[in-house]
Amino acid sequence: MSRFLDARLNSLKPYVPGEQPQERKYVKLNTNELPYPASPKVQQAVEQAQLASLNRYPDPECKVLREKIAASYGVERDNVIVSNGSDEVLMLAFTAYCGKDRKAVFPNISYGFYEVWCDLLGVPYEKKALKADFTIDEKDYLNCGGTVFIANPNAPTAIDMGREKIEQIIRSNPDNVVVIDEAYVDFGGESCVSLINKYDNLLVVQTFSKSRAMAGARLGMAFGCKELIGDLERVRFSFHPYNIDNLNMLTGIAAIESADYYKDACAKVMATRARLEKRLAELGFTFTKSATNFIFAKSKDIGGEMLYNKLKDRGVLVRHFTLPEICDYNRITVGTDEETDALIAAIENILEEVK
Ligand SMILES: *Cc1c(COP(=O)(O)O)cnc(C)c1O
């Protein structure tokens, strides 16, 4: 830190992303990417992108991409905003709907970035403890007097709380916005997008990073009534009007046009997930009911951190969190069948060693 950094940022603890080793020698099951490539159409879009257009600014309103997304989700263009990764639109929502007089409310175990944004923006927040089985207690959020942020399915717990409970939360907080972060919804969760025109206080955030194999492109989106989307655009145009570059716009459009491809890819991930769960259970692991592309698992024979380290020694990266409530667990991304076999073999080898 230099002596020039504003004092209010001295104690900021930045978000720590999962490891992204650049040498690529690991079986990489630590950051919940899709293990399959982007669709042929997306690859084509990248290959055919006219580099010449890089001298022009992109459309700051992203009309074509928003139109495509809207049509594919059965909403209007004005119900959609696109962002540089869903992280950006989440940050816009914290900026727009929280302030020193309006706290943010979210689970104590969830996407770690929520707390970082609050600290950065000087927003007070209240964390609600999960139940012992790691589920979210909807009662904690009824009429809770702040802007609610819930990842559903939640991460790293993988559990989906269902639309009905979320609807109770939305209804009981008519004077506050409820933000549902659906980063993993395409792997078996229940989406709330269909509710955006029923409730003027619901914002639903999704991403191209997980189920659409585009983590490297940085594209996210949010759905809400026209007024909410207008608020977020107001903030975005005060901050980053050209947030989606020309190439990203083309890949986004191609991805939306590849819905069948991604549906198949997600189905494959879910089939592999079932196979991995079965084997992990046989090997003495317990885990939550996953509606995501990862498994949140704990071994009866070895601690979470030790398993993480021993897997890393064997070339397999998973995600371990040091929070005491979840330090016995690891978050394991569901990879290809081959990657899953490598993971299982490594775990078998480790368990033999420690037993
Ligand atoms: C991955 C993730 C995000 C952010 O993804 P982007 O790559 O920024 O779109 C947001 N929320 C949750 C819960 C996530 O797991």
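See the structure printed just above.
Residues numbered from 1 in each chain as written. Predicted model: local features only at pLDDT ≥ 70, side-chain atom pairs only at ≥ 80, totals over all residues. Heavy atoms only, no water.

Caption draft 1: How the structure looks around the sheet that holds strand E9 (residues 285-287). The strand order across the open sheet formed by 3 strands is E9-E10-E12, and the pairing between neighbours is antiparallel. Of all the strands in the sheet, just E9 and strand E12 (329-333) have a single pairing partner and so form its edges. Direction aside, the axes of adjacent strands within the sheet are offset by 40° on average. Here E9 pairs with strand E10 (residues 294-299) via 3 bridges, running antiparallel. Residue pairing in the sheet places Phe287 in a bridge with Ala297 of E10. (Pairing = 2+ DSSP bridges. Helix = DSSP H or I, 4+ residues; strand = E, 2+ residues; numbered from the N terminus. Axes fitted to C-alpha atoms, helices over the stretch in contact; angles between N-to-C directions.)

Caption draft 2: Focus on the pattern of salt bridges. Counted according to the given criterion, the structure contains 25 salt bridges. We note a salt bridge from Glu257 to Lys68, for which the minimum N-O separation is 2.8 Å. Of the two residues, Glu257 sits in the loop between helix H7 (246-256) and helix H8 (259-282) while Lys68 sits in helix H2 (residues 63-73), which places them 189 residues apart along the sequence. Of the residues examined, Lys68 reaches a relative accessible area of 30% and is grouped as partly exposed. Salt-bridge contacts for Asp87 lead to Arg218; the nearest nitrogen and oxygen are separated by 3.9 Å. Separated by 131 residues along the polypeptide, Asp87 in helix H3 (residues 85-97) and Arg218 in the loop between strand E7 (202-207) and strand E8 (220-223) bring together distant segments of the chain. A single network of salt bridges, built from pairs that share partners, joins Lys278, Arg279, Glu282 and Glu348. (Salt bridge = Lys/Arg side-chain N within 4 Å of Asp/Glu carboxyl O. Buried < 20%, exposed > 50% of the residue type's maximum accessible area, 1.4 Å probe, protein only.)

Caption draft 3: The arrangement of the sheet that holds strand E3 (residues 104-107) in detail. Taken in spatial order, the 7 strands make up an open sheet running E2-E8-E7-E6-E5-E3-E4, and their pairing is mixed. Two strands in the sheet have a free side with no partner beyond their single neighbour: strand E2 (80-83) and strand E4 (125-128). Pairwise comparison of adjacent strand axes, ignoring direction, gives a mean angle of 20° for this sheet. Judged from the 4 bridges that link them, strand E5 (residues 147-151) and strand E6 (residues 178-181) form a sheet pairing that is parallel. By the bridge assignment for E6, Ala151 is matched with Asp181. Most of the contacts of H2 go to E2, to which it runs at about 125°, and overall it touches E2, E7 and E8. In the packing of helix H6 (residues 226-236) onto the sheet, the strands contacted are E2, E7 and E8, and the crossing angle to E2 comes to about 30°. (Contact = heavy atoms within 4.5 Å.)

Caption draft 4: Quick look at the environment of Leu203. By the element assignment, Leu203 lies in strand E7. In this structure Leu203 comes out as buried when scored by relative accessible area, which is 0%. In this structure, the C-alpha to C-alpha distance between Leu203 and Leu90, residues 113 residues apart in sequence, is 9.8 Å. Every residue in contact with Leu203, bar those within four places of it in the chain, is listed here: Ala93, Val177, Val178, Val179, Ile180, Ala222, Phe223, Gly224, Leu228, Ile229 and Leu232.

Caption draft 5: Layout of H6. Taken residue by residue, H6 has Leu228, Ile229, Leu232, Glu233, Val235 and Arg236 as its buried positions. The buried residues of H6 occupy an angular sector of 160° when the element is viewed end-on, so they sit on one face. Opposite the packed face of H6, turned more than 90 degrees from it, sit the exposed residues Glu227 and Arg234. (Arc of directions from axis to C-beta.)

Caption draft 6: Spatial organisation of the site of the ligand. Every residue lining the ligand is accounted for by Gly85, Ser86, Asp87, Leu90, Tyr111, Asp181, Ala183, Tyr184, Thr207, Ser209, Lys210 and Arg218. Within the backbone of Asp87, an N or O atom sits 3.0 Å from an oxygen atom of the ligand. Lys210 places a side-chain nitrogen or oxygen 3.0 Å from an oxygen atom of the ligand. A total of 390 Å² of accessible area belongs to the ligand in isolation, and the protein chains cover 93% of it. Of the residues forming the shell around the ligand, the biggest block, 4 residues, is contributed by H3. Tallied by class, residues from the shell around the ligand come to 4 nonpolar, 4 polar and 4 charged. (Near = heavy atom within 4 Å. Polar contact = N/O pair within 3.5 Å; in protein donor to acceptor, adjacent residues only side chain to side chain. Areas by Shrake-Rupley, 256 points an atom, 1.4 Å probe, with all protein chains shown as cover. Nonpolar A, V, L, I, M, F, W, Y, C, P; charged D, E, K, R; others polar.)

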